[in-house]
Structures are given as structure tokens and as C-alpha cells.
Amino acid sequence: MTRTVKAVLIVAGLVASAIGAAILLAPHAFYGTYGIALGTNASQLSEIRAQGGALLAGGLLIGSGAFVSRLAFSSALVASLLYLSYGTSRLISMGLDGVPVSGLVQATVLEFVIGLLSLFALTRLVAGRPEAH
């Protein structure tokens, strides 16, 4: 595994983990930065925090692939799917619902950048596998 692949997995893992932890532990503050006011409805907050927890867990898995070589392929695959699905879903939303605040548009760009870097890391890992030759 190259340093580039490790770096991509570390960055992708840290970003997902940090955002997931913020959503899980401080959803009002996190969404408030985008002008989204969350209420006090326990069901709504449960759904939001659950997504944050899943994102945190995904980020931990992604980052672990930089340090446990047998997890690198799975980590790069999860990172690619996670980030590219977020970016694609946001594009679909823009087409259906309109353009959101600039911070969410920037998030879309970042998700595609990290997703494409993760896809690059995945291709490097596949190319380096003995059975790929």
C-alpha cells in the first residue's frame, strides 16, 4: 500500500468520523451552521443522530484501512461508495429541490473530490493485488 493510498484513507476516515461525531453529539450546532434549525422532536433527532453514528462508524472503518493492510480494500470501497453516494444524492436533490446554501454546495464538491480520490485509491489497491495480474 502506497503512502498516497494511506493518506487518502486517513483523510476520508477523519472527515467522515468528524462529521459523524458532530451530527451524533451536537446535531443542533452542526446543522445550524447551514441555517437548518432542528426542533426538539425526539423522533427527528433520533433519525439524525442515527445517521451521524453510522457516518462515524464508516469513518472509523475507512481510516482503519490505512493502518490494517487487510482492511485497505474494504476501506477504499466503503469510502468510494459513501462519498460518491452523498455527492450524487445532493446533485439529485439540487435537480429536484433547488440549490441549497453555499455551504452544502461546497460539501457536495468536497464529497466528490474525496469520493474520486477514494476511487483512485481503490484502483491502486486492485492493481497491486497478485490476482489482478
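This structure is a prediction, so every number in the text was calculated from the model and none was measured.

The next subject is helix α4 (residues 72-97). Along its 26 residues, α4 runs 36 Å from first to last C-alpha, staying within 8% of the 38 Å computed at 1.5 Å per residue. Of the residues making up α4, those classed as buried are A72, S75, A76, A79, S80, Y83, G87 and M94. Two residues or fewer after α4 comes G98, characterised by a positive phi angle close to 105 degrees.

Here a ring pair, both rings aromatic, is described through the centre-centre distance and the interplanar angle of the planes. Enumeration according to the criterion identifies two aromatic pairs in this entry. Measuring from centroid to centroid gives 5.2 Å for F30 and Y31, while their planes differ by 90 degrees, and the two rings are edge-to-face. On the accessibility criterion, F30 (18% relative accessible area) is buried. Aromatic pair F30 and Y34: ring centres 5.7 Å apart, planes at 75 degrees, arrangement edge-to-face. Cluster of aromatic residues (ring-pair linked, three or more members): F30, Y31 and Y34.

Turning to the side chain of S80, a few remarks are in order. Mapped onto the elements, S80 comes out in helix α4. With relative accessibility at 5%, the residue S80 sits in the buried group. Of note is the side chain of S80, whose polar atom sits 3.3 Å from the backbone oxygen of S118. Sequence-distant contacts of S80, that is, excluding residues within four places in its chain, are made with S85, G115, S118, L119 and L122.

Further remarks concern the side chain of T108. Of note, T108 is situated in helix α5 (residues 102-128). For T108, a relative accessible area of 4% translates into the label buried. Look past the residues within four positions of T108 in its chain and what remains in contact with it is G87, R90, L91 and M94.

The rules behind the values
- Residues numbered from 1 in each chain as written.
- Predicted model: local features only at pLDDT ≥ 70, side-chain atom pairs only at ≥ 80, totals over all residues.
- Heavy atoms only, no water.
- Helix = DSSP H or I, 4+ residues; strand = E, 2+ residues; numbered from the N terminus.
- Expected span 1.5 Å × (residues − 1).
- Buried < 20%, exposed > 50% of the residue type's maximum accessible area, 1.4 Å probe, protein only.
- Phe/Tyr/Trp six-rings, centres within 6.5 Å; stacked < 30°, edge-to-face > 60°.
- Polar contact = N/O pair within 3.5 Å; in protein donor to acceptor, adjacent residues only side chain to side chain.
- Contact = heavy atoms within 4.5 Å.

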